[in-house]
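What follows is each chain in one-letter form.
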Amino acid sequence: MINISELSLNFSGEPLFKDVNLKFTEGNCYGVIGANGAGKSTFLRILSGDLDASTGTVSIKPNTRMSVLKQDHFAFNEETVLNTVLGGNPRLLEVMHEKDALYTKEDFTEEDGNRAAELEAEFAEMGGWDAETEASQLLNGLGLDADAILYTEMKNLGDVEKVKVLLARALFGKPDILLLDEPTNHLDIQAVRWLEDFLADFEGTVLVVSHDRHFLNNVCTHIVDIDFGKIKLYVGNYEFWYESSQLVQRMIKDQNRKNEEKIKELQNFIQRFAANKSKSRQATSRRKLIDKLTVEEMPASSRRYPWVAFQQDREAGKDILEVRGISKTIDGEKVLDNVSFIVRRGDKIAFISDNELAMTTLFQILMGEIKPDEGSFKWGVTTSQSYFPKDNNEFFEGHKENMLDWIAPYSQTDTLESTLRGFLGRMLFSGDDVYKPVRVLSGGEKVRLMLARMMLFGSNVLVIDQPTNHLDLESITAVNNGVRDFKGTVLFASHDHEFVQTIATRIIEIRGTGVLDKECTYDEFLEFRETYQG
Ligand SMILES: Nc1ncnc2c1ncn2[C@@H]1O[C@H](COP(=O)(O)OP(=O)(O)O)[C@@H](O)[C@H]1O
Ligand SMILES: [Mg+2]
């Protein structure tokens, strides 16, 4: 369906990628991964015809409909929600506009009448009469209240709502090819699940850039890896790609063992993996892979994983935190209403809510940044907390110092520069990097620096608000493993399903009033929640 041959792209002389030869076919979903700046968005722009490649060709079967969700979500600000969605089928919107223009003419001629009849026929043919209903269904499916917002202008929507509308637009055109650039970034977990289901049933070709491992695992039949100027295709989902690339890394390092032994180990792994997974489409692809796989063909990645580990300087006593009846209203909206819970040592609690502001507000209260309207809380005397705020702006804005000077005050006075460099190095800042002024850092770099700061504290309680925003997959995996292995207590909120599922031992859902508090994994909680009435 999409055939790419000898594709290369240079921005200002340096090739971003070259010698790309790939084929994307119907019924498959390709997860596009790669570090920040690797060229994922650029690659999608070439496929959509938005950008010309330096050499090579992209050929797509004629009469193929393609929809694109771009990474920047600020287009169409002046349009209504309805027109934005309908714009997913540009011809339909054109016909509607032309019809409207004709009907408002004062001197409606016979010729106009004929034209109008033509347009009406085309409109009906395209399913124009159901268009509004269909648009509403898509919006409702994504968790929006279509009736309330259809005629609202895009600029009046929040970021999350905008992404959902743009996604509905991309899906509305019933495309054969769907290109989605980081669709899950601003979506809540329910909307991500809806999208997963949608894509699972989608019969065309999907290319999707995402940093959400659970999403990639659920929807992808293939992984497209952009790394060091090459774009390579692997069969299987992200977990499979990750595990097998890790395994191959170990094998390459371990020179002593016989080659055949390594291949056998790999094949055993693949067999186990294929047997574990229920999705038959993916399992079949994997079985095919076993037949032709050789060690050289597996992803020998040049990626570097930051190393995240939180050590407690001293363990906390029995009392960690008691929260009693906290309520808080922000901008006229009651985001916390009578929230109570007791935290025990070693709890790893994921807070969830339909309203992300509820978690952020709770954490800000617990960290003493704002005061509750009602209620109280008490930290155990032996606890020490490190806080990872969702918005880290105040830590960087107006700061002139470099990384090393920025982080120094957060450590004990006698901490050696080499120790600080060690903490920065684990987060992949090395050599002269540490002299970069902090205000020029990218979103992902700032987050890594905040994590280095947290590791330095040696606290026994971590309070973490949306740590995976802005991070690439390697960093997300590193933070995920670091928090999972931490021996202390963790209170956190995250959009990343895998993160919540692998870390949380207890889930607290903040509800309209009060909380729903259960000791279980996230998937168990979701299952329970499907049937829970309350
Ligand atoms: N028009 C352009 N001119 C020069 N460089 C660009 C242009 N667009 C993107 N780049 C650079 O190309 C690289 C890849 O960008 P992008 O595709 O957005 O990365 P990704 O989506 O993988 O994070 C980045 O280093 C970016 O700065
Ligand atoms: Mg991008």
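Structure first, text after, so check above.
Small disclaimer: the values here were computed from a predicted structure and weren't measured. (Residues numbered from 1 in each chain as written. Chains lettered and ligands numbered in written order. Predicted model: local features only at pLDDT ≥ 70, side-chain atom pairs only at ≥ 80, totals over all residues. Heavy atoms only, no water.)

Draft legend 1. Spotlight on the overall build of the protein. Secondary structure assignment for the protein yields 20 helices and 18 strands. Computed over its C-alpha atoms, the radius of gyration of the protein comes to 26 Å, within 12% of the 24 Å expected for a compact globule of 534 residues. The principal-axis extent of the C-alpha atoms belonging to the protein is close to 90 × 65 × 50 Å. Intrachain contacts of the protein at a sequence separation of at least 6 include 68% that bridge at least 24 residues. With the model as given, the accessible surface of the protein reaches about 25,600 Å², and the carbon-plus-sulfur share is 46%. Across the protein, the centroid of the 61 positively charged side chains sits 8 Å from that of the 85 negatively charged ones. (Helix = DSSP H or I, 4+ residues; strand = E, 2+ residues; numbered from the N terminus. Rg over C-alpha atoms; globule rule 2.2 N^0.38 Å. Contact = heavy atoms within 4.5 Å. Areas by Shrake-Rupley, 256 points an atom, 1.4 Å probe, with all protein chains shown as cover. Lys, Arg positive; Asp, Glu negative; His and termini not counted. Charge placed at Lys NZ, Arg CZ, Asp CG, Glu CD.)

Draft legend 2. View of the site of ligand 1. With respect to spatial proximity, the complete set of residues near ligand 1 consists of Phe11, Leu16, Ala35, Asn36, Gly37, Ala38, Gly39, Lys40, Ser41 and Thr42. Gly37 is positioned with one of its backbone polar atoms (N or O) 2.8 Å from an oxygen atom of ligand 1. Contact between ligand 1 and Ala38: an oxygen atom at 3.3 Å from a main-chain N or O atom of the residue. Within the complex, the protein chains bury 55% of what would otherwise be the 570 Å² of accessible surface of ligand 1. For the shell around ligand 1, the leading source of residues is helix 1 (residues 40-47), giving three residues. Tallied by class, residues from the shell around ligand 1 come to four nonpolar, five polar and one charged. (Near = heavy atom within 4 Å. Polar contact = N/O pair within 3.5 Å; in protein donor to acceptor, adjacent residues only side chain to side chain. Nonpolar A, V, L, I, M, F, W, Y, C, P; charged D, E, K, R; others polar.)

Draft legend 3. The arrangement of the sheet that holds strand 18 (residues 515-518) in detail. Reading across from one edge, 14-15-16-12-17-18 is the order of the six strands in this open sheet, with mixed pairing throughout. Each end of this open sheet is capped by a strand with a single partner; those strands are strand 14 (385-388) and strand 18. Averaged over all adjacent pairs, the angle separating strand axes in this sheet is 15°, with direction ignored. Pairing of strand 12 (residues 348-352) with strand 16 (residues 489-493) involves three bridges; the strand directions are parallel. (Pairing = 2+ DSSP bridges. Axes fitted to C-alpha atoms, helices over the stretch in contact; angles between N-to-C directions.)

Draft legend 4. Inspection of the layout of surface pockets at higher detail. Of the pockets and cavities examined, the second largest pocket occupies roughly 480 Å³. Sorting the residues of the lining of the second largest pocket by element identifies strand 8 (222-227), helix 17 (443-457) and helix 18 (473-485) as the ones contributing at least two each. By residue number, the principal contributor to the lining of the second largest pocket is helix 17, which donates three residues. Inspection of the lining of the second largest pocket shows a minimum of three residues originating in each of domain 1 (1-64 + 176-236) and domain 4 (319-531). (1 Å grid on protein atoms, 1.4 Å probe; cavity = no way out; pocket = protein on both sides within 12 Å on 5 of 7 lines; lining within 4 Å. Points joined across faces, edges and corners; volume = space filled by probe spheres on them. Domains from an automatic or database assignment.)

Draft legend 5. Expanded view of the sheet that holds strand 4 (residues 55-60). Across the sheet, three strands lie side by side as 2-1-4; this open sheet has antiparallel pairing. The sheet terminates laterally at strand 2 (14-24) and strand 4, the two strands that pair on one side only. Neighbour-to-neighbour, the strand axes of the sheet open up by a mean angle of 20°, direction not taken into account. In terms of strand pairing, strand 1 (residues 2-11) meets strand 2 through seven bridges, oriented antiparallel. Bridging from a neighbouring strand, Ile2 pairs with Phe24 of strand 2.

Draft legend 6. Region of the structure containing the pattern of salt bridges. Under the counting rule described, the total for this entry stands at 25 salt bridges. Where Arg324 meets Glu322, a salt bridge forms, and the shortest distance between an N and an O atom there is 2.9 Å. Judged by its relative accessible area of 53%, Arg324 is exposed. Across the salt bridge formed by Lys390 and Glu356, the nearest N and O atoms sit 2.6 Å from each other. One end of the pair, Lys390, is in the loop between strand 14 and helix 14 (393-396); the other, Glu356, is in helix 13 (residues 356-366), and 34 residues separate them in sequence. Here the residues in one salt-bridge network are Arg45, Asp50 and Lys70, joined through shared partners. (Salt bridge = Lys/Arg side-chain N within 4 Å of Asp/Glu carboxyl O. Buried < 20%, exposed > 50% of the residue type's maximum accessible area, 1.4 Å probe, protein only.)

Draft legend 7. Structural detail: the packing of aromatic side chains. Enumeration over the complete set of coordinates arrives at 19 aromatic pairs. Note on Trp194 and Phe198: the rings are 5.5 Å apart at their centroids and 25° apart in plane angle, and the pair reads as stacked. With a gap of four residues between them, Trp194 and Phe198 both fall in helix 8 (residues 189-201), about one helical turn apart. Since its relative accessible area comes to 23%, Phe198 is described here as partly exposed. Aromatic side chains Phe525 and Phe528 sit 6.2 Å apart centroid to centroid with 55° between the ring planes, which places their arrangement in the tilted category. Within this pair, Phe525 and its partner Phe528 are both found in helix 20 (residues 522-531), separated by three residues, close to a single helical turn. On the basis of relative accessibility, which here comes to 0%, the residue Phe525 falls in the buried class. Among the aromatic residues, ring-to-ring pairing joins Phe17, Phe24, Tyr30 and Phe43 into one connected group. The residue whose ring lies beneath Arg426 is Phe423, and the NZ or CZ to ring-centre distance is 4.7 Å. Here Lys518 stacks its cationic end above the ring of Phe528, 4.3 Å away from the centre of that ring. (Phe/Tyr/Trp six-rings, centres within 6.5 Å; stacked < 30°, edge-to-face > 60°. Lys NZ or Arg CZ within 6 Å of the ring centre and 35° of its normal.)

Draft legend 8. Up close: the pairing of strand 3 (residues 29-33). The buried count for strand 3 comes to five of five residues, which makes it a mostly enclosed element. With burial as the criterion, each face of strand 3 is covered, one bearing Cys29, Gly31 and Ile33 and the other bearing Tyr30 and Val32. Sheet topology note: the strand 3/strand 8 ladder contains four bridges and is parallel. The residue bridging Ile33 from the neighbouring strand is Asp225, located in strand 8.

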